[in-house]
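# Survey of secondary and tertiary structure
Spelled out, the chains give:
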Amino acid sequence: MKARVTVTLKTGVLDPQGKAIEGALRSLGIDGVDSVRQGKVFDIELGTVDKAGAEAALKNACEKLLANTVVENYRVEIL
Amino acid sequence: MKAAVLLFPGINRENDVARALAQSGVKPTIVWHAEHDLPQGTDLVVVPGGFSYGDYLRCGAIAGRANIMDAVRAHAARGGLVLGICNGFQILCESGLLPGVLMRNRDLKFICKEQYLRVERHDTAYTNAYSHHQIIKVCIAHGEGNYVADSATIQTLEGEGRVAFRYCDAAGHFGGKGNPNGSMNDIAGIYSEKLNVLGMMPHPENLIDSLIGGIDGRGMFESLGAFGARAA
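What follows concerns the pairing of strand E1 (residues 2-9) of chain A. All names here are of chain A. Here E1 runs beside strand E2 (residues 40-45); their pairing, made up of 6 bridges, is antiparallel. Bridged to Val-7 within E2 is Lys-40. Pairing of E1 with strand E3 (residues 72-78), which is carried by 7 bridges, proceeds in the antiparallel orientation. Bridging across to E3, Arg-4 finds its partner in Glu-77.

As structure tokens, then:
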């Protein structure tokens, strides 16, 4: 089973990297960009067919390691 | 006083901090991260600076979950002293021993320079050799030192007198150029609720010898030595 975990900064948390990328896109002349927030994507393979079990395990993985829930949100998708 | 200096892959300041401790009569032992127990009779755990696990995932995230950290949490819960410097501060935040998080510096640059701090209180195991609101010159060397926490946490830290050090300029003024990395409330270091755990971004262990620029960092290690002598 394949899964994707996406970790993003919570709203309101300053993201200087996102801001720098935003500025770079503007300087490249790419129009219409209002704002950029940088995050992380984890593609994870699991040796199980139990979808609910996999979701629970990945949620646990996010809480324990993949995300710092002080400043980050996470989303688990089973692909 | 006996100190356990933790060593994770990528940590590079363990010998500097061990030297600073020894200079003030604290006996350091280097402890590998895969150990499950601290050496018998450990009074102080030091998590030194460096780049544990290459700063992968988030600074301090992987080290914060190493085997030895369970023993460190138990030691802290018993009231034992824990000092985290630079990457060590990031590791203490990631391990849940201190609140908040160290984000990328405001201006995105790795900053390596001398920096003034104000000692916010001088009645703890770490600062008793300093004077009231003493301004000290130490070094900073970090890319992620921008202290961030939610407003309730900041209020608690301020209300309980748990801000250990604040960034300032040579005259002791806060804000503006005195704050190198954008940290909320100019926070350079914080204590746990019982004041036994201290995390700080600056490196006091760099400034312990007049040969290399100053001795303002010595006060912290002298404080620990004096605290240990009193407790013995």
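Our next topic: the sheet that holds E2 of chain A. Residue and element names in this part refer to chain A. With respect to topology, 3 strands assemble into an open sheet ordered E2-E1-E3, the strand pairing being antiparallel. The open sheet terminates on both sides in strands that have one partner only, identified here as E2 and E3. This sheet shows a mean twist of 20° between the axes of neighbouring strands, independent of strand direction.

Moving on: the environment of Ser-183 of chain B. Residue and element names in this part refer to chain B. Residue position: Ser-183 is located in the loop between strand E9 (163-168) and strand E10 (187-191). Put simply, Ser-183 and Met-103 are 80 residues apart on the chain and 8.7 Å apart in space, counted from C-alpha to C-alpha. Apart from the residues within four sequence positions on either side, Ser-183 is in contact with Gly-145, Asn-146, Tyr-147, Tyr-167 and Ala-188.

For the rest of this paragraph, the subject is unusual backbone geometry. Located in the positive-phi region is Tyr-53 of chain B, a residue other than glycine, with phi close to 50°. Within the secondary structure layout, Tyr-53 of chain B lies in the loop between strand E3 (44-47) and helix H2 (67-77).

A few words now on the interface of chain A and chain B. The interface is formed by 8 residues belonging to chain A together with 10 residues belonging to chain B. For the side of chain A that touches chain B, the leading source of residues is helix H1 (residues 16-27) of chain A, giving 3 residues. Residues that form the side of chain A that touches chain B fall into these classes: 6 nonpolar, 2 polar and no charged.

Let us look at the environment of Gln-40 of chain B. Among the structural elements, Gln-40 of chain B can be located in the loop between strand E2 (27-32) and E3. Put simply, Gln-40 of chain B and Ala-4 of chain B are 36 residues apart on the chain and 9.9 Å apart in space, counted from C-alpha to C-alpha.

Here we take up the environment of Leu-46 of chain A. Residues and elements named next belong to chain A. Inspection of the secondary structure assignment puts Leu-46 in the loop between E2 and helix H2 (51-66). Residue Leu-46 is classed as partly exposed on the basis of its C-beta count, with 16 C-beta atoms lying within 10 Å. When the C-alpha atoms of Leu-46 and Ile-78 are compared, they prove to be 10.0 Å apart, with 32 residues separating the residues in sequence. Not counting residues up to four positions away in its chain, the partners in contact with Leu-46 are Met-1, Ala-3 and Ala-54.

What follows concerns the sheet that holds E2 of chain B. Residues and elements named next belong to chain B. Taken together, the 9 strands give an open sheet; going across it, the order is E2-E1-E3-E4-E11-E10-E9-E6-E7, and neighbouring strands pair in mixed fashion. Either end of the sheet is taken by a strand with one partner, and the two such strands are E2 and strand E7 (135-142). Across the sheet, the axes of successive neighbouring strands diverge by a mean angle of 25°, strand direction being ignored. Note: strand E1 (residues 2-7) against E2, 6 bridges, orientation parallel. When the bridges of E2 are listed, Leu-7 appears paired with Trp-32. Helix-sheet contacts for H2 involve E1, E2, E3, strand E4 (81-85) and strand E11 (197-200), and the interaxial angle to E4 is about 125°. Along the sheet face, helix H3 (residues 87-94) touches E3, E4 and E11 and points at about 120° away from the line of E4.

Here is what the cut-offs are and how they apply
- Residues numbered from 1 in each chain as written.
- Chains lettered and ligands numbered in written order.
- Predicted model: local features only at pLDDT ≥ 70, side-chain atom pairs only at ≥ 80, totals over all residues.
- Pairing = 2+ DSSP bridges.
- Helix = DSSP H or I, 4+ residues; strand = E, 2+ residues; numbered from the N terminus.
- Axes fitted to C-alpha atoms, helices over the stretch in contact; angles between N-to-C directions.
- Contact = placed C-beta atoms within 7 Å.
- Nonpolar A, V, L, I, M, F, W, Y, C, P; charged D, E, K, R; others polar.
- Buried ≥ 20, exposed ≤ 12 C-beta atoms within 10 Å, placed from the backbone.

These figures come from the coordinates and say nothing about function on their own.
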